[in-house]
Amino acid sequence: MSENSTREPDTVGTLPGTEPPRPAGTPKTVGIVWGLLVLNTLGSAGAKTIVPLPRSLIQMVTMGSLVAAFGLALLVNQRVRVRSSSYVLLLSLLLVSSVISSASLESGMGALFRCFRLTLFVGTLWLLSRWWDGSLTFVRYHIRAYFAVLGSVALGLVVSPGKALPDLYGGRLVGALWPLTPPQIGQYAAVIIGLTALLVIGRRTDRTSAVLVIVPSLVLLALTHTRTATLGLLLGLSLAIGSLVLTSAAARRFFSWSVLISVVAAVGFASALQTWFLRGQSQENFSSLTGRAKVWNALLAEPRSTAQQLFGVGLGDKSFGGLPIDNSWLAVYNEQGLVGVTLVAVIIVVLGGVALLRPPSLQRACAIFLISYCAIASYTEAGLGDASPYLLHLALAASLLAAPAKAAPLALPEAPRRRVPRWARGSEVK
């Protein structure tokens, strides 16, 4: 199989129906591997499902998908050819830091298991980096995988509305077939809405296919009442479209219409939007970020040794005192220390810097959307320090920012040698 690949043509593709054109040399197995990585990062904790699923079974499925992803990636890349990637290199350094912090077993044996999981995750990304050429191939894999996840959420809502909108979560949408929380569903919906909208602006998909993705995803996002995902979508998409405004008439039209619709909605539906945004919370509860601030203050006030400050206490379940931390930076500080926080910050800065230095393009806009969304969500969501959808979003951004692989020079046919008669071979001109 050829290692080199070419960019996708500027023709219109389709989502998610027919098979879009793939760069030459990108096998279908790569898309399957990416889907398995998405399945692995869904997690095993969430709402009660219609058919009760033992957590051990869910963990076996998610972990099995990661093992299968690594095995398939190794099978399709048997010569282990990889491309240089600062993102995956920094993730490898974060993995080393995680192993050092988890070796003391302060977080129990589960910390070593999470390190093993992160090892397979990073190893699979290294194997897939061979096909990171700055094309939109992995964007389509990403949208399809998460659209399938949202399809299961929608199916659960139709089959059992009571399970999908439980009182335990304040009537917010959860996964009734697979245990998914409202923030997870909101994140997946926001990401594929943003990416699909950018594909429409770049004329890489038709409007009918885009509507089939965007409209249901918007409905599910609204039902989750997830503020972080909504803000991340709006701000991230604004930055991404802003990077195209000077070079794309479609981006300028989209931006103008978006501003007009936003102003009309803000004026005409201010009360409804405020009610949706507050989710029935009191002013005190809202100001404390639904109790998150109390956990954050307690975590920062916890006495720590020098080793714990530098390397943390090891990979855990992103909780403190039995309560979720819900902040990527504090979760990384707790589990991987200041070294981990520094590495995560460098990842965001490097990806953002590379994106800003690239010339305007659809790939660059998609990368800016993903990077900005992850940066915004990191304030109220954990996941930047361990195998998670956020690291997968950033891996997609890294694939979009990769320089296209140079095609191997074509070997010129050897010129035919002129036949010399035998009687002349021994003659010598004097």
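Residues numbered from 1 in each chain as written. Predicted model: local features only at pLDDT ≥ 70, side-chain atom pairs only at ≥ 80, totals over all residues. Heavy atoms only, no water.

Turning our attention to the overall build of the protein chain. A tally of helices and strands in the protein chain yields 18 helices and 2 strands. Looking at the protein chain residue by residue over its 430 residues, the buried ones come to 48%. In the protein chain, the share of contacts with a sequence separation of at least 24, taken over all contacts with a separation of at least 6, comes to 77%. Here the protein chain has roughly 20,900 Å² of accessible surface; of this, 67% comes from carbon and sulfur atoms. (Helix = DSSP H or I, 4+ residues; strand = E, 2+ residues; numbered from the N terminus. Buried < 20%, exposed > 50% of the residue type's maximum accessible area, 1.4 Å probe, protein only. Contact = heavy atoms within 4.5 Å. Areas by Shrake-Rupley, 256 points an atom, 1.4 Å probe, with all protein chains shown as cover.)

A contiguous patch of positive charge, built from Arg203, Arg207, Arg252 and Arg253, is present on the exposed surface. Take Arg203: it is sitting in the loop between helix H7 (182-201) and helix H8 (207-224). (Patch = residues over 30% accessible without salt bridge, like charges linked within 9 Å, V, L, I, M, F, W, Y side chains within 5 Å. Salt bridge = Lys/Arg side-chain N within 4 Å of Asp/Glu carboxyl O. Lys, Arg positive; Asp, Glu negative; His and termini not counted. Charge placed at Lys NZ, Arg CZ, Asp CG, Glu CD.)

Next up on the list: the packing of helix H5 (residues 137-159) against helix H17 (residues 389-401). Where H5 contacts H17, the axes come no closer than 9 Å and their chain directions differ by 155 degrees. If you check the angle between H5 and H17, you find them roughly antiparallel. Together, Phe138, Val139, His142 and Tyr146 of H5 and Pro389, Leu392, His393, Leu396, Ser399 and Leu400 of H17 make up the contact between the two elements. Its residues assigned to classes, the contact of H5 with H17 comprises 7 nonpolar, 3 polar and no charged. (Axes fitted to C-alpha atoms, helices over the stretch in contact; angles between N-to-C directions. Parallel < 35°, antiparallel > 145°, perpendicular 65-115°, else oblique. Nonpolar A, V, L, I, M, F, W, Y, C, P; charged D, E, K, R; others polar.)

Grouped together as the largest cluster of nonpolar side chains are 102 residues, with contacts concentrated most on Trp34, Tyr87, Leu125 and Leu198. Among the elements that line this core, the one with the most residues is H7, at 12 residues. Ignoring sequence-local partners within four residues, the contact set of Leu198 consists of Leu237, Ala240, Ile241, Leu362, Ala365, Cys366 and Phe369. Of all hydrophobic cores here, the second largest spans 8 residues; its members include Val295, Leu299, Ile325 and Leu330. (Core = buried A, V, L, I, M, F, W, Y, C linked by side-chain atoms within 4.5 Å.)

All right, on to the packing of H7 against H17 then. Think of two packed helices as two axes; the pair is described by the angle between the axes and how far apart they sit. Two elements in contact, H7 and H17, have axes separated by 12 Å at closest approach and are oriented at 15 degrees. Taken together, the axis directions place H7 and H17 in an arrangement best described as roughly parallel. Crossing hand, H7 versus H17: right-handed. The segment H7 lies against H17, with Gln187, Tyr188, Val191 and Leu195 engaging Pro389, Tyr390, His393 and Leu396. Its residues assigned to classes, the contact of H7 with H17 shows 6 nonpolar, 2 polar and no charged. (Left-handed = near helix turned anticlockwise from the far one by under 90°.)

Looking now at a nonpolar patch on the surface. There is a patch of nonpolar side chains on the surface, built from Ile50, Val51, Leu155, Val158, Val159 and Leu177 and spanning about 530 Å² of accessible area. Along the chain, the position of Val51 falls in the loop between helix H1 (28-40) and helix H2 (55-76). Take Val51: its relative accessible area is 56%, and that puts it in the exposed class.

Inspection of the secondary structure assignment puts Gln336 in helix H15 (residues 328-357). Within the structure, Gln336 has its side chain in polar contact with the backbone oxygen of Gly385 (distance 2.8 Å). What Gln336 contacts, discounting residues up to four positions off in sequence, is Leu94, Ser97, Ser98, Ser101, Leu310, Phe311, Gly312, Leu315 and Gly385. (Polar contact = N/O pair within 3.5 Å; in protein donor to acceptor, adjacent residues only side chain to side chain.)

Once that is clear, we can look at helix H13 (residues 292-301). By the burial criterion, the buried members of H13 are Arg292, Val295, Trp296 and Leu299. Around the axis of H13, the buried residues are gathered within 100 degrees of arc, so they sit on the same side. Opposite the buried face of H13, by more than 90 degrees, sit the exposed residues Lys294, Asn297 and Ala301. The elements touched by buried residues of H13 are strand E1 (319-320), strand E2 (323-324) and H15. (Arc of directions from axis to C-beta.)

A few words now on the packing of aromatic side chains. Summed over all chains, the structure comprises 5 aromatic pairs. Taken together, the aromatic side chains of Trp34, Phe138 and Tyr141 make up a single cluster linked through ring pairs. (Phe/Tyr/Trp six-rings, centres within 6.5 Å; stacked < 30°, edge-to-face > 60°.)

On to the side chain of Asn334. Relative to the assigned elements, Asn334 resides in helix H15. Not counting residues within four places of it along the chain, the set of residues in contact with Asn334 comprises Leu299, Arg304, Gly312, Val313, Ser319, Phe320 and Ile325.

Further remarks concern the pattern of salt bridges. It is possible for side chains bearing opposite charge to pair when their charged atoms get close. One pass over the structure, following the stated rule, counts 3 salt bridges. Salt-bridge contacts for Glu335 lead to Lys318; the nearest nitrogen and oxygen are separated by 3.1 Å. One end of the pair, Glu335, is in helix H15; the other, Lys318, is in the loop between helix H14 (306-311) and E1, with 17 residues separating them in the sequence. An identical accessibility class is assigned to Glu335 and Lys318; each is buried. The salt bridge involving Lys318 is made with Asp386; its shortest N-O contact spans 3.2 Å. Here Asp386 lies in the loop between helix H16 (362-377) and H17 and Lys318 lies in the loop between H14 and E1, a separation of 68 residues in the sequence. For the pair formed by Lys318 and Asp386, the shared burial category is buried.

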